Amino acid sequence: MKCTRCRAPAQVRLPRIKAGFCPDCFKLYVERQIKRAVKQFDLIGPEDRLLVAVSGGKDSLALWDLLVKLGVRADGLYIDLGITGYSATSREKAQNFADQRGLSLRVVDLPARGEAVPGLAPFGSRSFCSTCGIVKRHYFNRAAAEGGYSALATGHNLDDEAGRLLGNLLRWQDGYLAKQAPSLPAEAPGLMRRIKPLIRLDEYEMAAYCFLSGIDYIIEECPHARGATSLKYKQVLNHIESLMPGTKWNFYAEFQSRRRRFTPGPGVGPDEAGTGAWRQCSSCGQPSWLEVCSFCRLKQKAALGTPSQATPSPAS
Ligand code: AMP
Ligand code: FES
Ligand code: ZN
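Residues numbered from 1 in each chain as written. Chains lettered and ligands numbered in written order. Predicted model: local features only at pLDDT ≥ 70, side-chain atom pairs only at ≥ 80, totals over all residues. Heavy atoms only, no water.

With respect to the pattern of salt bridges
Reasoning step 1: For the coordinates displayed, the defined rule picks out 21 salt bridges.
Reasoning step 2: In this structure, Asp-159 and Lys-248 form a salt bridge, with 2.6 Å as the shortest nitrogen-oxygen distance. In this pair, Asp-159 sits in helix α6 (residues 158–170) while Lys-248 sits in helix α10 (residues 247–258), placing the two residues 89 residues apart along the sequence. In terms of burial, Asp-159 and Lys-248 fall into one category: buried.
Reasoning step 3: Arg-258 is the salt-bridge partner of Glu-254, the closest N and O atoms lying 2.7 Å from each other. In this pair, Glu-254 and Arg-258 are both assigned in helix α10, 4 residues apart and thus about one turn of the helix distant.
Reasoning step 4: Classification of Glu-254 as partly exposed rests on a relative accessible area of 42%.
Reasoning step 5: On the basis of relative accessibility, which here comes to 35%, the residue Arg-258 falls in the partly exposed class.
Reasoning step 6: Three or more residues are tied together by salt bridges with common partners; here these are Arg-16, Asp-202 and Glu-205. (Salt bridge = Lys/Arg side-chain N within 4 Å of Asp/Glu carboxyl O. Helix = DSSP H or I, 4+ residues; strand = E, 2+ residues; numbered from the N terminus. Buried < 20%, exposed > 50% of the residue type's maximum accessible area, 1.4 Å probe, protein only.)

Structure (structure tokens):
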């Protein structure tokens, strides 16, 4: 197959857009998809200064690389979750990436703060991953707010978001559907805008981009992700995509044009409880829907030392 753009031998085949690209043209394609996403969903403006949450994985490192290439001011944030056999390697990948390019990486060292996720998880009311999510969201927002950034960017790609969409639709989670967008506004004082610039690119494309750009990332998944429901939704969508290329993006994009039909309701917010208005957590000062935010409640339970009975986690 020849490159759709320059007719050189193609190395990356993309059935979903009926194209194939040589390495240089593929990288150009990826950059253009980011620019298109930025324009389509109004993600980044000239005044923005972003904090990119980098996990050490392919998506977030590629995102940071691409944003910097496109001239966006972007620092990195790595949260060391303290997960044995995973966090040390992913931290090294994120740190090496930053050092090699002279970029600034902020690191939140949870074990050093006595907040490693494996230590807190038994005190969460849901699964290990849900507790991890509470901790990550807390520090995403806090680090971006304290650092004076205008928004927080994450490396969620099309597969992540289409999989989550399928899960939310299968359970008709209206509240979550209303809030599933590539850009979530800062709807309360101290709450950061969150953006997902990789929304037009899928997992395979991000892996190919890293490979062709020499980005060294952690290949292993978090050990707690194995068997996660979110992976099953992705598998199902991949099967449909292999039968009907292009379906995944159409599914997601068509949903975006209908998203406002869904209304946020009870159970949607950083605390995933209550319908109340935003306020400040009385303990940490971060935006919260309850008197005390879910992160501080978790820490309080851990301090008291009474583990919760974990129940299966409804996906978000
Ligand atoms: P995940 O929820 O693990 O699929 O990750 C989704 C996105 O969250 C990644 O693309 C990153 O942008 C961000 N992220 C996940 N884990 C971390 C971490 N330990 N530190 C900083 N950002 C993270
Ligand atoms: Fe949080 Fe795996 S990264 S549980
Ligand atoms: Zn709090």
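A look at the packing of helix α2 (residues 58–69) against helix α8 (residues 203–213)
Reasoning step 1: Where α2 contacts α8, the two axes come as close as 9 Å, and the packing angle between them is 65°. One element, α2, and the other, α8, form an angle in the roughly perpendicular class. As α2 packs across α8, the resulting crossing turns out to be left-handed. Facing α2, whose interface residues are Lys-58, Asp-59, Ala-62, Asp-65, Leu-66 and Lys-69, α8 presents Glu-203, Met-206, Ala-207, Tyr-209 and Cys-210.
Reasoning step 2: Residue composition of the contact of α2 with α8, by class: 6 nonpolar, no polar and 5 charged. (Axes fitted to C-alpha atoms, helices over the stretch in contact; angles between N-to-C directions. Parallel < 35°, antiparallel > 145°, perpendicular 65-115°, else oblique. Left-handed = near helix turned anticlockwise from the far one by under 90°. Contact = heavy atoms within 4.5 Å. Nonpolar A, V, L, I, M, F, W, Y, C, P; charged D, E, K, R; others polar.)

Thoughts on helix α3 (residues 87–101)
Reasoning step 1: Between its first and last C-alpha atoms α3 spans 21 Å; for 15 residues at 1.5 Å apiece the expected length is 21 Å, and the two agree.
Reasoning step 2: Buried within α3 we find Ser-87, Ser-90, Lys-93, Ala-94, Phe-97 and Ala-98. Down the axis, α3 shows its buried residues gathered within 135° of arc, on one side only. Residues Ala-88, Glu-92, Asp-99 and Gln-100 are exposed on α3 and point more than 90 degrees away from its buried face.
Reasoning step 3: Packed against the buried residues of α3 are α2, β4 (73–80) and β5 (105–109).
Reasoning step 4: Downstream of α3 by a residue or two, Gly-102 has a phi angle that is positive, lying close to 65°. (Expected span 1.5 Å × (residues − 1). Arc of directions from axis to C-beta.)

As for the site of ligand 1
Reasoning step 1: Every one of the 13 residues lining ligand 1 counts as a neighbour, but Ala-53, Val-54, Leu-77, Ile-79 and Gly-155 are closest to it.
Reasoning step 2: Contact between ligand 1 and Ala-53: an oxygen atom at 2.5 Å from a main-chain N or O atom of the residue.
Reasoning step 3: Within the complex, the protein chains bury 75% of what would otherwise be the 470 Å² of accessible surface of ligand 1.
Reasoning step 4: Elements with a minimum of two residues in the shell around ligand 1: β4 and α5 (128–146).
Reasoning step 5: Ranked by the residues each element gives to the shell around ligand 1, the list is headed by β4, at 3 residues.
Reasoning step 6: Here the residues of the shell around ligand 1 sort into 7 nonpolar, 5 polar and 1 charged. (Near = heavy atom within 4 Å. Polar contact = N/O pair within 3.5 Å; in protein donor to acceptor, adjacent residues only side chain to side chain. Areas by Shrake-Rupley, 256 points an atom, 1.4 Å probe, with all protein chains shown as cover.)

A short note on the environment of Ala-88
Reasoning step 1: Along the polypeptide, Ala-88 turns up in helix α3.
Reasoning step 2: Each C-alpha atom, one on Ala-88 and one on Phe-140, is 19 Å from the other, the two residues being 52 residues apart in sequence.

A look at the pairing of β4
Look at any regular strand and the pattern is simple: side chains alternate between the two faces of the sheet.
Reasoning step 1: For β4, the tally of buried residues reaches 7 of 8 residues, placing the bulk of the element in the interior.
Reasoning step 2: Pairing analysis gives 5 bridges linking strand β3 (residues 49–53) to β4, with the strands arranged parallel. Looking across to β4, one finds that Val-52 is bridged to Gly-76.
Reasoning step 3: What joins β3 to β4 is α2, and the crossover it makes is right-handed.
Reasoning step 4: Pairing of β4 with β5, which is carried by 5 bridges, proceeds in the parallel orientation. Counted as the bridge partner of Gly-76 is Leu-105 from β5.
Reasoning step 5: In this view, the connection linking β4 to its parallel neighbour β5 by way of α3 has right-handed handedness. (Pairing = 2+ DSSP bridges. Right-handed = clockwise from strand over helix to strand, strands pointing away.)

Some points on the sheet that holds strand β7 (residues 183–184)
Reasoning step 1: Sheet architecture is open: 6 strands sit in the order β5-β4-β3-β6-β8-β7, paired in mixed fashion. Either end of the sheet is taken by a strand with one partner, and the two such strands are β5 and β7.
Reasoning step 2: Relative to strand β8 (residues 193–195), β7 is paired through 2 bridges, and the arrangement is antiparallel. Bridge assignment links Ser-183 to a residue of β8, and that residue is Ile-195.
Reasoning step 3: In the packing of α2 onto the sheet, contacts are made with β3, β4, β5 and β6 (151–153), and the angle to β3 comes to roughly 160°.

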